[in-house]
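Below are the chains, spelled out letter by letter.
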Amino acid sequence: MGTTASQLRKDLLSEYQVVMHVFFRAHKRFSELLSKEDRNVPTPRVPMEKVLSLPELKSNPFRKRICHVFSTSDMKDGSLTFEDFLDLLSAFSDSATLEIKSHYAFRIFDFDDDGTLDGGDLEKLVNCLTGETDDTRLTTEEMRQLISNILEESDIDKDGTVNLSEFQHVISRSPDFVRSVQI
């Protein structure tokens, strides 16, 4: 016991080096968002406003929902711990699976956090994508028709909402989805 040297295979060592590099880069970015006072706190949180200043999120129409979905704050303020920040980066990374990406996309689109996408969620989703100015906003009739079409295509059990498995079924038919869920 302890008399022989253990060796990591070269491929595993290379993989560990990549993971550690990504981890340290993420920690550096997280630390840069912290105030000087918060850097000495045992489990610091970055306020949502600071997270939203990241270039990758600045122009994302779902930026606030993203923070709320990944935040573990009891205050429901969208602030992120380093672990929350890593979860966010992981879910939006190139290597995240379709299942992970679709799970988080569903949660981001579920504005009322009730576990389904109903007409209200779909309206907010469309407004985020089209913008809410008079020039870009859909008319009431256009919105009603679009939501009806979405539900007709996606609501397999015909209960008037889209659940996670129905959402994942629709997403599985969209080859560009995985590439589009990145930051």
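Residues numbered from 1 in each chain as written. Predicted model: local features only at pLDDT ≥ 70, side-chain atom pairs only at ≥ 80, totals over all residues. Heavy atoms only, no water.

Per an unreviewed UniProt entry, the protein chain goes by the name EF-hand domain-containing protein and belongs to Oncorhynchus mykiss.

What follows deals with the overall build of the protein chain. A count of helical and extended segments in the protein chain gives 10 helices and 0 strands. The helix and strand sequence of the protein chain, counted from the amino end, reads α-α-α-α-α-α-α-α-α-α. Relative to a compact globule of 183 residues, whose C-alpha radius of gyration would be 16 Å, the protein chain shows 20 Å and is clearly more extended. Each of the three principal axes of the protein chain carries a C-alpha extent, and together these read 75 × 40 × 30 Å. Per-residue burial for the protein chain yields a buried fraction of 32% across its 183 residues. Counting only carbon and sulfur atoms, one obtains 54% of the accessible surface of the protein chain, whose full area is about 12,100 Å². Averaging the positions of the 22 positive and the 33 negative side-chain charges in the protein chain gives two centres separated by 9 Å. (Helix = DSSP H or I, 4+ residues; strand = E, 2+ residues; numbered from the N terminus. Rg over C-alpha atoms; globule rule 2.2 N^0.38 Å. Buried < 20%, exposed > 50% of the residue type's maximum accessible area, 1.4 Å probe, protein only. Areas by Shrake-Rupley, 256 points an atom, 1.4 Å probe, with all protein chains shown as cover. Lys, Arg positive; Asp, Glu negative; His and termini not counted. Charge placed at Lys NZ, Arg CZ, Asp CG, Glu CD.)

Let us look at the pattern of salt bridges. By the definition in use, this model includes 7 salt bridges. Linking Arg29 and Glu56 is a salt bridge whose minimum nitrogen-to-oxygen distance equals 2.8 Å. Residue Arg29 is found in helix α1 (residues 10-33), and its partner Glu56 is found in helix α3 (residues 55-58); the two are separated by 27 residues along the sequence. Residue classification places Glu56 among the partly exposed positions, given a relative accessible area of 31%. Here Arg179 ties to Asp176 by a salt bridge, and the two come within 2.3 Å at their closest N and O atoms. Its relative accessible area of 57% is what places Arg179 among the exposed residues. Judged by its relative accessible area of 45%, Asp176 is partly exposed. (Salt bridge = Lys/Arg side-chain N within 4 Å of Asp/Glu carboxyl O.)

The grouping of Val19, Met20, Phe23 and Phe24 at the surface amounts to a nonpolar patch, some 370 Å² of accessible area in total. Here Phe23 shows up in helix α1. (Patch = residues over 30% accessible without salt bridge, like charges linked within 9 Å, V, L, I, M, F, W, Y side chains within 5 Å.)

As a further point, take helix α7 (residues 119-130). For the α-helix, the turn length of 3.6 residues means that residues three or four positions removed from each other point alike. Compared with an ideal rise of 1.5 Å per residue, which puts 12 residues at 16 Å, α7 spans 16 Å between its outermost C-alpha atoms and is within 8% of the ideal. For α7, every residue scored as buried is listed here: Asp121, Leu122, Leu125, Val126 and Asn127. Looking at the buried positions of α7, the neighbouring elements they touch are α6 (98-109) and α8 (140-154). Of the residues that open α7, the one with a side-chain oxygen 3.1 Å from the backbone nitrogen of Gly120 is Asp118. Count one or two residues on from α7 and you reach Gly131, which has phi positive near 90°. (Expected span 1.5 Å × (residues − 1). Contact = heavy atoms within 4.5 Å. Polar contact = N/O pair within 3.5 Å; in protein donor to acceptor, adjacent residues only side chain to side chain.)

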